[in-house]
Amino acid sequence: MNPDLDRLQSYPFQRLAALKQGLEPPVDRDHIALSIGEPKHPTPSLVSEALIAHLHRLSGYPTTRGLPTLREAIADWLGQRFALGATVDPEHQVLPVNGTREALFAFAQACVKRTTPAPLVLMPNPFYQIYEGAALLAGAEPCYLPCTAETGFLPDFSAVDAATWERCQLLYLCSPGNPTGAVADRETLAELIALAHRHDFVIASDECYSELYLDEQAPPPGLLEVSAAIGNPDFSRCVVFHSLSKRSNAPGLRSGFVAGDAEVIERFFLYRTYHGCAMPLHHQHASIAAWRDETHVRENRARYREKFAAVAEVLDGALPLSLPEAGFYLWPETPISDTELARRLYAEEHVTVLPGSFLSRTVDGHNPGERRIRLALVAPLNECVDAARRIRRCLARL
Ligand SMILES: Cc1ncc(COP(=O)(O)O)c(C=O)c1O
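Residues numbered from 1 in each chain as written. Predicted model: local features only at pLDDT ≥ 70, side-chain atom pairs only at ≥ 80, totals over all residues. Heavy atoms only, no water.

Asker: Would you mind showing me how to read the sheet that holds strand S11 (residues 354-355) here?
Answerer: Strand pairing within a sheet occurs via backbone hydrogen bonds; the two strands may be parallel or antiparallel. Taken together, the 3 strands give an open sheet; going across it, the order is S9-S12-S11, and neighbouring strands pair in antiparallel fashion. Among the strands making up the open sheet, the edge pair consists of strand S9 (329-330) and S11. Examined bridge by bridge, S11 and strand S12 (residues 373-376) share 2 bridges and lie antiparallel to one another. Counterpart to Leu354 in the pairing with S12 is Arg374. (Pairing = 2+ DSSP bridges. Helix = DSSP H or I, 4+ residues; strand = E, 2+ residues; numbered from the N terminus.)

Below is the structure:
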């Protein structure tokens, strides 16, 4: 077997299951999971109806390139959502993917050139775990950039030395960030694009939380938008990843897209042809309906806003909380070890949270996720509030 498989870390949820093993939560209250980032708001009916209406398409093989109408819907959405100042070419700059998870993983396999010494893939720390596994299986070395309160919960790119940039072939950017909810501003994105050109690497910008922002007047900027604004209108070295999972509460649809640099997309297309990951046709039709509607997305944001406000009110004074700019996670500091607090919350209150240290790696003796927990506000409002009350109660007992 491929020896690189041994380099993969156990997934955070496996570690969480091991942490909870043997604990006996109280049986007088239901379990509330704030651990998994799986949206629970209802999938809009326009998506499920389009899916059902196209079930007869099961009789056909889908193509890797996807339906032109889907790529057009995506290109239109990108143009409307981001002030691109340039049009996205649906033929050459867009590819549908079966959720961004598989695409983020596959992208490194297509992008990284195996060299000696091993190429670097840069990523935030804490991070969405797929980036690391993708780098390792592509024969690269992950390089973790700490995201702490001091760095505004984003990597401090100015602290990366030139030798590291020279070895970098791929940078995973996650904005809005999971788990921190921090958003990279336009200046940062512009600097990164300049660095990518200077040192010849590709930016894979994971923007799957871009539509869940708290301030309706301040949607997070995207990499393609900044690319166009700074005179890189063909999006050279820039690729973005967007998903319907969070935006449209459709994680089961497995639908997203990659868009950007046509040359990179063409090579990725070649990879995907062999990988065999074309999106089923009825899913493509459901996706067209989702990308063409914003009403359900505005409603979705309103629901998350309501939950953030309610939970923050309950936890006020009990945990140092700052609301994120976007996403659906809280990332508070904890008064005791993150794993110990997670164990106690489960054992005493039947609430599952994710210890921050499970989402990050120790570098130079420091783990930026230590003493933090990730709370995903995905459950209905009353459950989130109930969970917050239980957390408050548990903290009061410490
Ligand atoms: C940062 C980030 N990127 C990508 C994904 C993958 O989402 P999907 O594969 O559903 O598009 C997730 C899912 O939780 C995520 O948190």
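Asker: What should I look at first to understand the nonpolar core in this one?
Answerer: Where a protein is soluble and globular, its nonpolar side chains tend to be buried together. Leu78, Leu122, Trp165 and Ile203 are the most contacted members of the largest nonpolar core, which totals 84 residues. In terms of residues, this core owes the most to one element, helix H14 (residues 381-396), which gives 7 residues. In contact with Leu122, not counting residues within four places along its chain, are Cys143, Leu145, Val160, Thr164, Trp165, Cys168, Leu170, Leu171 and Tyr172. In this structure, Ala106, Tyr131, Tyr172 and Val239 belong to the second largest nonpolar core, which totals 30 residues. (Core = buried A, V, L, I, M, F, W, Y, C linked by side-chain atoms within 4.5 Å. Buried < 20%, exposed > 50% of the residue type's maximum accessible area, 1.4 Å probe, protein only. Contact = heavy atoms within 4.5 Å.)

Asker: Just to check I follow, could you spell out the site of the ligand for this structure?
Answerer: Residues in close proximity to the ligand total 15 residues, the closest being Thr100, Asp206, Ser243, Ser245 and Arg254. Here an oxygen atom of the ligand and a side-chain polar atom of Tyr209 are 2.7 Å apart. Considered on its own, the ligand offers 400 Å² of accessible surface; in the complex 92% of this is hidden by protein. Sorting the residues of the shell around the ligand by element identifies helix H4 (100-111) and helix H9 (244-247) as the ones contributing at least two each. With 3 residues, H4 is the single largest residue contributor to the shell around the ligand. Each residue belonging to the shell around the ligand can be placed in one class, and the counts come to 6 nonpolar, 5 polar and 4 charged. (Near = heavy atom within 4 Å. Polar contact = N/O pair within 3.5 Å; in protein donor to acceptor, adjacent residues only side chain to side chain. Areas by Shrake-Rupley, 256 points an atom, 1.4 Å probe, with all protein chains shown as cover. Nonpolar A, V, L, I, M, F, W, Y, C, P; charged D, E, K, R; others polar.)

Asker: Sorry, what's going on with the packing of helix H13 (residues 338-349) against H14 here?
Answerer: Working note: a packed helix pair is described by the angle between its axes plus the distance between those axes. Interhelical geometry of H13 versus H14 gives an angle of 110° and a closest axis separation of 10 Å. It follows from the interaxial angle that H13 and H14 lie roughly perpendicular. Here H13 runs over H14; the crossing is right-handed. Between H13 and H14, the contacting residues are Leu341, Arg344, Leu345, Glu348 and Glu349 on the first element and Arg390, Ile391, Arg393, Cys394 and Leu395 on the second. (Axes fitted to C-alpha atoms, helices over the stretch in contact; angles between N-to-C directions. Parallel < 35°, antiparallel > 145°, perpendicular 65-115°, else oblique. Left-handed = near helix turned anticlockwise from the far one by under 90°.)

Asker: Mind showing me how you'd approach the environment of Leu5 here?
Answerer: Following the sequence through the fold, Leu5 ends up in the segment before helix H1 (12-20). Assessed through its relative accessible area of 38%, Leu5 is described here as partly exposed. It is 27 Å that separates the C-alpha atoms of Leu5 and Thr64, two residues lying 59 residues apart in sequence.

Asker: How should the sheet that holds strand S6 (residues 202-206) be read in this particular structure?
Answerer: Pairing within the open sheet is mixed, and its 7 strands lie in the order S2-S8-S7-S6-S5-S3-S4. Each end of this open sheet is capped by a strand with a single partner; those strands are strand S2 (94-97) and strand S4 (141-146). When strand polarity is set aside, the average angle formed by the axes of neighbouring strands in this sheet is 20°. Sheet strands in contact with H4 are S2, strand S5 (168-174), S6, strand S7 (238-243) and strand S8 (256-260), and its direction is about 160° off that of S7.

Asker: What should I look at first to understand empty space enclosed by the protein in this one?
Answerer: Unfilled space is identified by rolling a water-sized probe across the atoms. In total, this model carries 3 cavities of 30 Å³ or more according to the counting rule given. In this structure, the largest cavity occupies an estimated 80 Å³ of space. Pro124, Pro126, Cys147, Phe153, Leu154, Pro155, Leu173, Cys174, Gly177, Asn178, Pro179 and Thr180 are the residues that line the largest cavity. Across the lining of the largest cavity, the residue classes break down as 9 nonpolar, 3 polar and no charged. (1 Å grid on protein atoms, 1.4 Å probe; cavity = no way out; pocket = protein on both sides within 12 Å on 5 of 7 lines; lining within 4 Å. Points joined across faces, edges and corners; volume = space filled by probe spheres on them.)

Asker: I keep staring at the packing of aromatic side chains and nothing clicks. Help me out?
Answerer: What characterises a pair of aromatic rings is the spacing of the ring centres plus the angle enclosed by the ring planes. Applying the stated criterion across every chain, the model contains 17 aromatic pairs. For the ring pair Tyr11 and Phe13, a centre distance of 6.2 Å and an interplane angle of 40° mean the geometry is tilted. Judged by relative accessible area, which is 23%, Tyr11 ranks as partly exposed. With a centroid separation of 5.9 Å and an interplanar angle of 85°, the aromatic rings of Trp77 and Phe82 are classed as edge-to-face. The exposure classification of Trp77 matches that of Phe82, with both residues buried. In this structure an aromatic cluster arises from ring pairing among Trp77, Phe82, Phe257 and Trp291. Directly above the ring of Tyr346 sits Lys20, whose terminal nitrogen or CZ lies 4.3 Å from the centroid. Lying over the aromatic face of Phe269, Arg65 brings its terminal NZ or CZ to 3.7 Å of the ring centre. (Phe/Tyr/Trp six-rings, centres within 6.5 Å; stacked < 30°, edge-to-face > 60°. Lys NZ or Arg CZ within 6 Å of the ring centre and 35° of its normal.)

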